[in-house]
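# Observations on the three-dimensional arrangement
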Amino acid sequence: MEIIIFETQQELDTYAASLFINLVNEKPNAVLGLATGSTPIGIYDKIVESYKEHKVSFKEVTTFNLDEYVGINPENDQSYAYYMNQHLFSHIDIPAAQTYLPDGMAADMHEESLRYDTMLAAQPVDIQLLGLGHNGHIGFNEPDVHLSGGTHAVKLKEETREANARFFASMNEVPEYAITMGVGSILKANTLLLVVRGADKAQIVKEALTGPITTSIPASLLQTHARVIVLLDREAGRMLA
Ligand code: GLP
């Protein structure tokens, strides 16, 4: 596991974006695993900046997002589909047909999960971007006594709904369910890129990266992967020796 701690957000975002840009320049049909939340926004901004400076093209790239809320339409500005268009897809030259998210409006979540896993198996992810929940979740894989390998629907923990309530008008509007890649699917990516910011995540960063591997901290499973890059700001990394 390679852990890099950055002094400024600017440096972290630039470095993370360069990993994607360099990969796409070396492998134009790369498969990128993408994430949402507040953490990746600056990274997407840097990627868009490079695209606008003609330093990279995404015409042949395919993307898979980690997760989506259940019951929120893609046109709804709270959906992760909307987020991805707003922060990345609408600003670059990637064809919409090559951008995949789990369908949170699917009638049958089990069928939708199988469909997503079949696509992932056909196009393995080269690099998967990951944020970290305060309770150690990755994607929407919540702490539990067992974890699912493949894509699945999940009931969100109250703490997760509360953490994400800042993006909604009120707590009542925060969905109760989401559909997410499983930890097994995430671990199949060639490279995992975990990005964490902020003092409020310093403790969980320490536990996830240096503590025992446990399903009660899903991100601790990353310790089993052969190629993990962790990018932290000073605050998130302050409890690491
Ligand atoms: C949500 C997402 C996760 C994300 C997490 C942290 O729960 N499903 O993929 O990593 O939030 O979000 P933030 O970066 O806003 O702290």
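To keep things clear, this report deals only with the structure shown in the data block.

Further remarks concern the sheet that holds strand S2 (residues 31–34). Within a sheet, each strand pairs with its neighbour through backbone hydrogen bonds, oriented either parallel or antiparallel. Spatially, the 7 strands line up as an open sheet ordered S1-S10-S9-S6-S2-S3-S5, and their pairing is parallel. The sheet is open, and its two edges are formed by strand S1 (2–6) and strand S5 (99–100), each paired on a single side. Note that strand S6 (residues 127–130) and strand S9 (residues 191–196) share 4 bridges and pair parallel. Considered in S9, the bridge of isoleucine 127 is made with threonine 191.

Further remarks concern the packing of helix H1 (residues 9–26) against helix H2 (residues 41–52). Here H1 crosses H2 at 60 degrees, and the two axes come no closer than 8 Å. Between H1 and H2, the interaxial angle falls into the category oblique. Considering the relative orientation of H1 and H2, their crossing is right-handed. Here H1 contributes Gln10, Asp13, Thr14, Ala16, Ala17, Phe20 and Ile21 to the contact with H2, which in turn contributes Gly42, Ile43, Lys46, Ile47 and Ser50.

A separate point is the packing of aromatic side chains. Throughout the structure, instances matching the rule amount to 8 aromatic pairs. Plain terms: the ring middles of phenylalanine 6 and tyrosine 15 are 5.5 Å apart, the flat faces sit at 45 degrees to each other, and that makes the pair tilted. Ring plane angle 45 degrees and centroid distance 4.8 Å describe the contact between tyrosine 69 and tyrosine 80, whose orientation is recorded as tilted. With a gap of 11 residues between them, tyrosine 69 in strand S4 (residues 67–69) and tyrosine 80 in helix H3 (residues 80–87) connect regions that are remote in the sequence.

Rules used in this analysis
- Residues numbered from 1 in each chain as written.
- Predicted model: local features only at pLDDT ≥ 70, side-chain atom pairs only at ≥ 80, totals over all residues.
- Heavy atoms only, no water.
- Pairing = 2+ DSSP bridges.
- Helix = DSSP H or I, 4+ residues; strand = E, 2+ residues; numbered from the N terminus.
- Axes fitted to C-alpha atoms, helices over the stretch in contact; angles between N-to-C directions.
- Parallel < 35°, antiparallel > 145°, perpendicular 65-115°, else oblique.
- Left-handed = near helix turned anticlockwise from the far one by under 90°.
- Contact = heavy atoms within 4.5 Å.
- Phe/Tyr/Trp six-rings, centres within 6.5 Å; stacked < 30°, edge-to-face > 60°.

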